[in-house]
Amino acid sequence: RVQGNDAPKAVPAPSTQHPAPCTQILSRRCNSMSGKKKAVFVDRDGTLNVNIDYLADPEGYRLYPGSAEGLRLLREKGFFIVVVTNQSGIGRGLFDEKTLGRIHDRMKSDLAKGGASIDALYFCPHTPEDRCACRKPGTAMFERAIKEHGIDPRRSFVIGDMKMDIEAGRKIGARTALVPEPHNRQKTLNEMEGWGFRPDFVGKDLLSAALWILDRD
């Protein structure tokens, strides 16, 4: 389940039948670090990149402007970057985990062109009807990352474009930043009035959220 300096060969992610949170981890082990890490949990579709429903072709993947810069700035300041994403297209039979892996390879390549990278990636392949613990706003993916990487949620942040991202962040005790999709921005802001809770920050994009986080670190 780990691909990185200490595990040169990729290991397939768990089956969708696995009862534990289903994840794919692309991890950089930091053996020299002591204590609990500060982290930024980042949603993928609609936050890091343009949201295309059930994207199944790596050629269709597009980072938002500023996403790579935002992640680069956060990592330069010592934040552990974790992408946490719902991918129900797998559970719906629209694409498989191998295809998702190719999309994430494209994501990493595009980030690298901007001098950025991530430390870990977790995905949930289930549909809402599966009622799993890992699909956001469930927190099983976050909890697994916290345990596996020694993350302190109180020092951490969650960035996302939807209510489910903010709700999950609040559940784990992290501070939250909402960055609505550009074409859904006003709709999301209007709906936020009925959520019963507020994000700690509302911004234009991932870069604006990263700058807000750095001001509070």
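Here the structure is a predicted model, which is why all the values come from computation and not from measurement.

(A) Region of interest: the overall build of the protein. Looking only at helices and strands, the protein has 7 helices and 8 strands in total. Expressed as a percentage of the 217 residues in the protein, the buried residues total 53%. Put simply, 69% of the contacts in the protein that link residues at least 6 apart link residues at least 24 apart. Only carbon and sulfur atoms are counted for the fraction: they give 48% of the accessible area of the protein, which is about 10300 Å².

(B) Here's a closer look at the pattern of salt bridges. Enumeration over the complete set of coordinates arrives at 15 salt bridges. Residue Asp110 is joined to Arg106 by a salt bridge in which the shortest nitrogen-to-oxygen separation is 3.0 Å. On the criterion of helical spacing, the pair formed by Asp110 and Arg106 is a turn pair, its members being 4 residues apart in helix α3 (residues 97-113). Overall, the relative accessible area of 14% leaves Asp110 in the buried class. Several salt bridges share partner residues, and in doing so they unite Glu59, Arg106, Asp110 and Lys113 into one network.

(C) Focus on the sheet that holds strand β6 (residues 157-160). The strand order across the open sheet formed by 6 strands is β5-β4-β3-β6-β7-β8, and the pairing between neighbours is parallel. Because the sheet does not close on itself, it has two edges, and the strands there are β5 (120-124) and β8 (201-202). As paired strands, strand β7 (residues 175-178) and β8 are joined by 2 bridges and run parallel to one another. Bridge pairing in β8 links Ala177 to Phe201. On the sheet, helix α4 (residues 140-149) packs against β3 (39-42), β4 (80-86), β5 and β6 and is oriented at approximately 150 degrees with respect to β5. On the sheet, helix α7 (residues 206-216) packs against β3, β6, β7 and β8 and is oriented at approximately 150 degrees with respect to β7.

(D) Inspection of the packing of aromatic side chains at higher detail. Evaluated as defined, the whole model comprises 5 aromatic pairs. Both rings, one in Phe201 and one in Trp212, keep their centres 5.0 Å apart while their planes meet at 15 degrees; by these two values the pair is stacked. Of this pair, Phe201 sits in strand β8 while Trp212 sits in helix α7, and the two are 11 residues apart along the sequence. Comparing Phe201 with Trp212 shows no difference in burial state: the two are buried. Among the aromatic side chains, those forming a connected cluster through ring pairs are Phe79, Phe157, Phe201 and Trp212. One residue, Lys38, lies across the ring of Phe79, its end atom 4.5 Å from the ring centre.

(E) Representation of unusual backbone geometry within the structure. Looking along the chain, the bond that leaves Lys136 and enters Pro137 is cis, with omega of 15 degrees. If you trace the backbone, Pro137 turns up in the loop between β5 and α4. In this structure, Tyr54 is a non-glycine residue whose phi angle is positive, near 55 degrees. Among the structural elements, Tyr54 can be located in the loop between β3 and α1 (67-76).

(F) Structural view of helix α6 (residues 185-192). Among the residues of α6, those classed as buried are Thr188, Leu189 and Met192. Down the axis of α6, the sector holding all buried residues measures 95 degrees, keeping them to one side. In this fold, the buried residues of α6 make contact with β7 and β8.

(G) Just the layout of surface pockets, in detail. When its volume is computed, the largest pocket comes out at roughly 590 Å³. Surrounding the largest pocket, 26 residues form its lining, Asp45, Asn51, Asp53, Met162 and Met164 being those nearest its centre. Residue assignment for the lining of the largest pocket shows that the elements contributing at least two residues are β4, α2 (88-91), α5 (163-172) and α6. When grouped by side-chain class, the residues that make up the lining of the largest pocket number 6 nonpolar, 8 polar and 12 charged.

Rules used in this analysis
Residues numbered from 1 in each chain as written. Predicted model: local features only at pLDDT ≥ 70, side-chain atom pairs only at ≥ 80, totals over all residues. Heavy atoms only, no water. Helix = DSSP H or I, 4+ residues; strand = E, 2+ residues; numbered from the N terminus. Buried < 20%, exposed > 50% of the residue type's maximum accessible area, 1.4 Å probe, protein only. Contact = heavy atoms within 4.5 Å. Areas by Shrake-Rupley, 256 points an atom, 1.4 Å probe, with all protein chains shown as cover. Salt bridge = Lys/Arg side-chain N within 4 Å of Asp/Glu carboxyl O. Pairing = 2+ DSSP bridges. Axes fitted to C-alpha atoms, helices over the stretch in contact; angles between N-to-C directions. Phe/Tyr/Trp six-rings, centres within 6.5 Å; stacked < 30°, edge-to-face > 60°. Lys NZ or Arg CZ within 6 Å of the ring centre and 35° of its normal. Arc of directions from axis to C-beta. 1 Å grid on protein atoms, 1.4 Å probe; cavity = no way out; pocket = protein on both sides within 12 Å on 5 of 7 lines; lining within 4 Å. Points joined across faces, edges and corners; volume = space filled by probe spheres on them. Nonpolar A, V, L, I, M, F, W, Y, C, P; charged D, E, K, R; others polar.

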